[in-house]
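# Observations on chain architecture
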Amino acid sequence: QVQLVESGGGLVQAGGSLRLSCAASGSLFSISTMGWYRQAPGKQRDLVARITGSGSTNYVDSVKGRFTISRDNTKKTVYLQKNSLEPEDPAVYYCNAQILGNEYWGQGTQVTVSS
């Protein structure tokens, strides 16, 4: 069983920055593919960024150049650095782990952007 705990959400002004963290339990973190998803009210949960165990990353087009996903395997933590936040960025952000065919989710952290 893997547990994911997100932190770092909150209120930020448009154009500002925020860093989300996701701390994972379990011994297989280093080979897991970790991702950040977001879900705005009334909308589906969509992938924002993903990083493989080897460090390969991919991003949804709307956040390329603004968001950076990274991981620290020694701390079993994945990060999402969010810069130049825009009005369409507010949502609940969820951490996701895919390990050996299994999928796990965190409880989510709210990000609110003020104009």
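These notes cover the structure that comes with them. (Residues numbered from 1 in each chain as written. Predicted model: local features only at pLDDT ≥ 70, side-chain atom pairs only at ≥ 80, totals over all residues. Heavy atoms only, no water.)

Mapped onto the elements of the fold, aspartate 46 is located in strand β5 (residues 46-51). Taking relative accessible area as the criterion, aspartate 46 reaches 35% and is therefore assigned partly exposed. The spacing of aspartate 46 and tryptophan 36 is 10 residues in sequence and 8.7 Å in space, taken between C-alpha atoms. Once residues lying within four places of it in the same chain are set aside, the contact partners of aspartate 46 are Trp36, Tyr37 and Arg38. Within the local environment of aspartate 46, its side chain forms a polar contact with the side chain of glutamine 44, the two groups lying 2.8 Å apart. (Helix = DSSP H or I, 4+ residues; strand = E, 2+ residues; numbered from the N terminus. Buried < 20%, exposed > 50% of the residue type's maximum accessible area, 1.4 Å probe, protein only. Contact = heavy atoms within 4.5 Å. Polar contact = N/O pair within 3.5 Å; in protein donor to acceptor, adjacent residues only side chain to side chain.)

The next thing to look at is the nonpolar core. Judged by nonpolar contacts, the single largest core of 27 residues is most densely connected at Leu4, Met34, Trp36, Val78, Leu80 and Tyr93. Where this core is concerned, the elements lending two or more residues are β3 (18-24), β4 (33-39), β5, β7 (67-72), β8 (77-82), β9 (91-99) and β11 (109-114). A total of five residues in this core trace back to one element, the largest contributor, which is β9. Apart from residues lying up to four places away in sequence, leucine 80 is in contact with Leu18, Arg19, Leu20, Trp36, Val48, Ala49, Phe67, Thr68, Ile69 and Tyr93. (Core = buried A, V, L, I, M, F, W, Y, C linked by side-chain atoms within 4.5 Å.)

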